[in-house]
Amino acid sequence: MLTVRKHVDIPAPVDAVFAFMDDPAHQPEITPSLTRSELVERLPHGGARVRYTYRILGVSFDGEVRATDYAPNDRIVWAMTGDLRGTLRWYFSPLDGDSGTRFTYAATYVLPGPDLARPLLGPLVRRYNEREVDQLLQTLRGRLVESG
């Protein structure tokens, strides 16, 4: 298993950050290796089911994410299935005085590939994912600062 958890402070209100992240069309704009994020359906409890294509180290991975815990302006938890499996957790917390939002991205992934290769690929994939999440957070912040 691979776990990544990082956050960024964004000078935009929680509802604006949540609304941006809740739209699957925005995900390829901010996630460097995500080449497709296609809404399949909005779920009755809120949240969505989304098809994705993620390209890592030259290999494409397809699958779906489904919101399993959806609390507007607080969190979205996604179950990821397909070629990549795991859980994505997005948390939205107001900063002091409602001056902005702390967005936290937390993910736990099962490393793809044969069991024998995982000890060798693990550190490489971890560094790759950490850079991806850093870029996602900075791009998200930039997009919301530009639009705000």
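Presented here is a report on the structure given in the accompanying data block. Since this is a predicted model, take the numbers as computed values, not measurements. (Residues numbered from 1 in each chain as written. Predicted model: local features only at pLDDT ≥ 70, side-chain atom pairs only at ≥ 80, totals over all residues. Heavy atoms only, no water.)

## Observations regarding the packing of aromatic side chains
Here the structure, examined in full by the defined rule, presents five aromatic pairs. Their ring planes at 65° and their centres at 5.6 Å tell us that Phe18 and Tyr70 sit as a pair that is edge-to-face. Linking Phe18 in helix 1 (residues 14-21) with Tyr70 in strand 4 (residues 59-71), this pair joins segments that are 52 residues apart in sequence. Here the aromatic rings of Phe18 and Phe92 are separated by 4.9 Å at their centres, their planes lie at 65°, and the arrangement is edge-to-face. Of this pair, Phe18 sits in helix 1 while Phe92 sits in strand 6 (residues 85-94), and the two are 74 residues apart along the sequence. The same class applies to Phe18 and to Phe92, which are both buried. Here the aromatic cluster, defined as three or more aromatic residues joined through ring pairs, consists of Phe18, Tyr70, Trp78, Trp90, Phe92 and Phe103. (Phe/Tyr/Trp six-rings, centres within 6.5 Å; stacked < 30°, edge-to-face > 60°. Helix = DSSP H or I, 4+ residues; strand = E, 2+ residues; numbered from the N terminus. Buried < 20%, exposed > 50% of the residue type's maximum accessible area, 1.4 Å probe, protein only.)

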